[in-house]
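A closer look at the structure
Chain by chain, the residues:
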Amino acid sequence: GDEPWINIRDAVGPLADKFLCLNDVYPDGFMIPKRFIGENILHLPTVKTHVFTTTTGAMKNAFGGLLNEKRHWTHPVIHETLVDLLMIQKKIHRGVFAVMDGTFAGDGPGPRCMVPHVKNVMLASADQVAIDAVSAKLMGFDPMAIKYIRMAHDLGLGCGDPRDIDIVGDADAANENWHFTGPFKKMTFASQMQHYIYWGPLKKPIEWSLKTVLAPWAYMASVIYHDSIWYPMNAERNIKRVLDSPWGRLFENWEQLTPDENGFPDVGGGFA
């Protein structure tokens, strides 16, 4: 439409000289909506795993917000990209806040092929590094061993060490360890191929095509694999299981529910 856009280098000024990787990926910069500058931003991520970054949350939520096109170019340097995007956010936004949904949490080769679990937690923070660190710790990972969290912590962009994060709210929930297996133990065929292309033996022969007019082949291959093979064979039973939970019944029957005397929907089974 009529929305004005601005080159990221003009938006952040000298900060661009401190980028870890985006200057190499986008030598001419990239465009963002001009209205982003000075706005407050609310991120609404989900607690889940990711085959590129181990976990994905508040910091990766900016991946789709600030990088308007050719985002896949950053996959080989995805951790550095997330740190650069957080630098940008702290520069251009008046405030950044995240509310992370852990009512359901996803384990396994996410974000597309996750195994959902009912966990009944919600996280909220103005520190994007801290909320990702707490999410990672709940899932059973060491946040400081996850590259993008550690890098952001070391650069002073937030706190990634759970020992230094003050948690206000449910202390019992904060101490939980869900012992997720993570995204790498049982990767799907598609996620294994992505790793080979971006970091393995297929990098030289194939990665170049993702920066040409041939790039749609990857999207088409992903749709065919996930929609035609993986989901019918693996997802149906997991979806049925979580839809049988109180949260699942709430989501499935939202329009038919009426609140009780306390204002809560009566779905049976409780949320505790």
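Anyway, here's the lowdown on the structure attached to this text. For clarity, every value in this text was computed on a predicted model and none was experimentally measured.

As a further point, take the overall build of the chain. The number of helices and strands found in the chain is 12 helices and seven strands. In summary, the chain has a C-alpha radius of gyration of 20 Å against a globular reference of 19 Å for 272 residues, a match within 12%. Expressed along its principal axes, the backbone C-alpha trace of the chain runs to roughly 55 × 45 × 45 Å. Classification of the 272 residues of the chain by burial places 45% in the buried group. In the chain, of all internal contacts separated by at least 6 residues, the share reaching a separation of at least 24 is 66%. A total accessible area of about 14,900 Å² is found for the chain, and carbon and sulfur atoms account for 56% of it. Both charge centroids of the chain, one from 26 positive and one from 31 negative side chains, sit 7 Å from each other.

Time to look at the environment of valine 223. Position of valine 223 among the secondary structure elements: in helix 11 (residues 216–243). Between the C-alpha atoms of valine 223 and threonine 74, which are 149 residues apart in sequence, the distance is 21 Å.

Here we come to the packing of helix 5 (residues 78–92) against helix 7 (residues 147–154). At a minimum axis separation of 8 Å, helix 5 and helix 7 run at an interaxial angle of 40°. It follows that helix 5 is oblique to helix 7 by the angle criterion. Here helix 5 runs over helix 7; the crossing is right-handed. Counting all contacts with helix 5, which are made through His79, Glu80, Leu82, Val83 and Leu86, the residues of helix 7 involved are Lys147, Tyr148, Met151 and Ala152. Within the contact of helix 5 with helix 7, the residues separate by chemical class into six nonpolar, one polar and two charged.

Scanning all chains against the criterion turns up seven salt bridges. Across the pair arginine 112 and aspartate 227 runs a salt bridge, and its minimum N-O distance is 3.5 Å. Of this pair, arginine 112 sits in the loop between strand 6 (95–107) and strand 7 (115–125) while aspartate 227 sits in helix 11, placing them 115 residues apart in sequence. With a relative accessible area of 34%, arginine 112 lands in the partly exposed category. Residues arginine 163 and aspartate 161 are paired through a salt bridge, measuring 2.8 Å at the closest nitrogen-oxygen approach. In this structure aspartate 161 comes out as buried when scored by relative accessible area, which is 10%.

What counts as what
Residues numbered from 1 in each chain as written. Predicted model: local features only at pLDDT ≥ 70, side-chain atom pairs only at ≥ 80, totals over all residues. Heavy atoms only, no water. Helix = DSSP H or I, 4+ residues; strand = E, 2+ residues; numbered from the N terminus. Rg over C-alpha atoms; globule rule 2.2 N^0.38 Å. Buried < 20%, exposed > 50% of the residue type's maximum accessible area, 1.4 Å probe, protein only. Contact = heavy atoms within 4.5 Å. Areas by Shrake-Rupley, 256 points an atom, 1.4 Å probe, with all protein chains shown as cover. Lys, Arg positive; Asp, Glu negative; His and termini not counted. Charge placed at Lys NZ, Arg CZ, Asp CG, Glu CD. Axes fitted to C-alpha atoms, helices over the stretch in contact; angles between N-to-C directions. Parallel < 35°, antiparallel > 145°, perpendicular 65-115°, else oblique. Left-handed = near helix turned anticlockwise from the far one by under 90°. Nonpolar A, V, L, I, M, F, W, Y, C, P; charged D, E, K, R; others polar. Salt bridge = Lys/Arg side-chain N within 4 Å of Asp/Glu carboxyl O.

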